[in-house]
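Descriptive analysis of the structure
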Amino acid sequence: MEISNSIDIAASGLSAQSARLKVISQNIANADSVSTTPGGAPYQRKTIAFKSVLDRHTGLEKVQVQKVGTDNTPGERRLDPSNQAAGADGYVQMPNVNTLVEMTDMKEAKNAYDANLSVIDMSRTMLQQTISLLNK
Amino acid sequence: MDISKLKIFNMMQANLSYLNQRQDVLAQNVANANVPGYQGKDLKAPDFSQFMSNAMGGASSTSHIQLAATEPGHISGTGNASNIDAVTVTNKGGEVTPTGNNVVLEDEMLKISKNNLEYQQTTGLYSKMLALIKTAIGGSSS
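Nothing here was measured: the structure is a model prediction, and the numbers come from that model.

**Side note on the overall build of chain A**
Helix and strand counts for chain A stand at two helices and four strands. Of the regular secondary structure in chain A, the N- to C-terminal order runs α-β-β-β-β-α. Its C-alpha radius of gyration of 22 Å places chain A more than 25% over the 14 Å reference for a compact globule of 136 residues. Across its three principal axes, chain A shows a C-alpha extent of roughly 80 × 25 × 20 Å. The buried share of chain A, taken over its 136 residues, is 27%. Put simply, 62% of the contacts in chain A that link residues at least 6 apart link residues at least 24 apart.

This is the structure we're talking about:
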C-alpha cells in the first residue's frame, strides 16, 4: 500500500521531533541544577542529532535520532559562598543552559512536528478518496 | 469490454500512481527537514503527451508506454501504463541552512497540498467516468 508509506515516514519524523522536545524540556528543567558536592560539575546541556536512514522495505529515507550528546562548553561562574555547590573560592559553577536558545529550538521542533502531522492528515485524506471510489 | 482497455482509465491510474509516489517523496522531505546535509527530492511528472498521442492517433497499436531500451541487451517489456516509474530528482538551490539542508518546510507543505488537490481531482474524474459507463449500460448512475 503506497499511501501508508508516506504515513510511516511522517511518523518517523514525529518520533524524532518528540525525542528532540524531550531533550529540550530536560535542558530547561535543569537550567538551575548545580552540583550536590562542593566545587562539583553542574548539569551539562544535552544536544540531539538526527540522521536519515534508508528504509529497505519502501526505498525511502526515514529519519532517526543519531545520538544524544553533551554540550561541554562551561557555564558561568557565580559568586555564592553559601551555596552547597560553592567551591573553596566561593564560586558556583552554573549549568550552561541558555533558556532563550532552548525556547527557539522548541519552536522549531514544534513547527517540524506540526508539518509531519499535516502530512499524515493529507495522506489519510488521499487514502479516503481512493476508498470512496468503491462507493460509486 | 474491459475497463482497463479504456485509455482514460489508464491515464488516470497512471496519474494516481504518480501522485502516490510523489506523496511518499514529499513526506520524506518533511521528515528529514532537520537532518544535516539532507537534500530535498521531488518526482518528475510522467509525460502524458505520449498517452494522448496514442489515444488520439488510433493508428498506433501500442497502448502502453514502452520501456526505454538503452542497451542492446535490454528486453523491450510491455510496461503497464498504470505502473510508471517516475524519475526522482534532487532539488537544487533554495534556502540552504548552515547544516547543509535545503528543505524549506513551507515549500514542501505547498507541494503536498497541491498534490493532494490533484489527487482529489483525479479520483473525482474517475468516479465520474464510472458513472458515465453506468449510464451507458443502463444501470442507475448514482
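Moving on from the model shown.
**Thoughts on the overall build of chain B**
Scanning chain B from terminus to terminus reveals three helices and two strands. When the helices and strands of chain B are placed in sequence order, the string is α-β-α-β-α. Among the 142 residues that make up chain B, the fraction classed as buried is 28%. Partitioning the contacts of chain B with sequence separation of at least 6, the portion at a separation of at least 24 is 68%.

**A look at the packing of helix α1 (residues 7–31) of chain B against helix α3 (residues 105–136) of chain B**
All names here are of chain B. α3 packs onto α1 with a crossing angle of 160 degrees between their chain directions and a minimal axis gap of 10 Å. With respect to each other, α1 and α3 are oriented roughly antiparallel. When the axes of α1 and α3 are compared, the crossing they make is left-handed. Together, I8, F9, M12, N15, L16, L19, R22, Q23, L26, N29 and V30 of α1 and L105, E108, K111, I112, N115, E118, Y119, T122, L125, Y126 and M129 of α3 make up the contact between the two elements. Looking at the contact of α1 with α3, its residues break down into 13 nonpolar, five polar and four charged.

**Points about the environment of T99 of chain B**
Within the secondary structure, T99 of chain B sits in the loop between β2 (88–90) and α3. Separated by 65 residues in the primary sequence, T99 of chain B and N34 of chain B have C-alpha atoms spaced 8.8 Å apart.

**Some details on the environment of I8 of chain B**
Residue and element names in this part refer to chain B. Mapping I8 onto the fold places it in helix α1. For I8, a count of 14 C-beta atoms within 10 Å translates into the label partly exposed. Residues I8 and E106 lie 98 residues apart in sequence; the distance between their C-alpha atoms is 34 Å.

**Re the interface of chain B and chain A**
Opposite the 26 residues of chain B that make contact, chain A presents 29 residues. The greatest single-element share of the side of chain B that touches chain A, amounting to twelve residues, is contributed by α3 of chain B. In the side of chain B that touches chain A, the residues fall into 13 nonpolar, twelve polar and one charged.

**Structural notes on the nonpolar core**
Nonpolar side chains in soluble globular proteins tend to end up buried together. By size, the foremost hydrophobic cluster in this structure holds 32 residues, and its most contacted members are A10 and V119 of chain A together with A27, V30 and A31 of chain B. If you list the elements that add at least two residues to this core, you get α1 (3–29), β2 (60–70) and α2 (99–132) of chain A together with α1 and α3 of chain B. Residues in contact with A27 of chain B, not counting those within four places in the same chain, are S6, I9, A10, V119 and S123 of chain A.

**A short note on the packing of α2 of chain A against α3 of chain B**
The geometry of α2 of chain A relative to α3 of chain B is characterised by a closest axis approach of 10 Å and an angle of 10 degrees between their N-to-C directions. One element, α2 of chain A, and the other, α3 of chain B, form an angle in the roughly parallel class. Residues N111, A112, A115, S118, V119, M122, T125, M126, Q129 and T130 of chain A of α2 of chain A form the contact with α3 of chain B, whose participating residues are L105, M109, I112, S113, N116, Y119, Q120 and T123 of chain B. Across the contact of α2 of chain A with α3 of chain B, the residue classes tally to nine nonpolar, nine polar and no charged.

**Quick look at the pairing of β2 of chain A**
Residues and elements named next belong to chain A. Note that strand β1 (residues 46–55) and β2 share ten bridges and pair antiparallel. By the bridge assignment for β2, K51 is matched with Q64. Here β1 folds back onto β2 in antiparallel fashion, the turn holding four residues, of which G59 has a positive phi close to 75 degrees.

**Considering α2 of chain A**
Here α2 of chain A is 34 residues long and its end C-alpha atoms lie 49 Å apart, about the 50 Å a rise of 1.5 Å per residue gives. The complete set of buried residues in α2 of chain A reads A109, A112, A115, N116, V119, M122, S123, M126 and Q129 of chain A. Turning to α2 of chain A, the residues buried within the fold contact α1 of chain A together with α1 and α3 of chain B.

**A short note on the confidence of the model for chain A**
Overall, the prediction assigns chain A a mean pLDDT of 91, with 98% of residues at 70 or greater. Averaged pLDDT values over the elements of chain A bottom out at 91 in strand β3 (residues 77–79) of chain A and peak at 94 in α2 of chain A.

Basis of the calculations
- Residues numbered from 1 in each chain as written.
- Chains lettered and ligands numbered in written order.
- Predicted model: local features only at pLDDT ≥ 70, side-chain atom pairs only at ≥ 80, totals over all residues.
- Helix = DSSP H or I, 4+ residues; strand = E, 2+ residues; numbered from the N terminus.
- Rg over C-alpha atoms; globule rule 2.2 N^0.38 Å.
- Buried ≥ 20, exposed ≤ 12 C-beta atoms within 10 Å, placed from the backbone.
- Contact = placed C-beta atoms within 7 Å.
- Axes fitted to C-alpha atoms, helices over the stretch in contact; angles between N-to-C directions.
- Parallel < 35°, antiparallel > 145°, perpendicular 65-115°, else oblique.
- Left-handed = near helix turned anticlockwise from the far one by under 90°.
- Nonpolar A, V, L, I, M, F, W, Y, C, P; charged D, E, K, R; others polar.
- Core = buried A, V, L, I, M, F, W, Y, C linked by C-beta atoms within 7 Å.
- Pairing = 2+ DSSP bridges.
- Expected span 1.5 Å × (residues − 1).
- pLDDT = per-residue confidence, 0-100.

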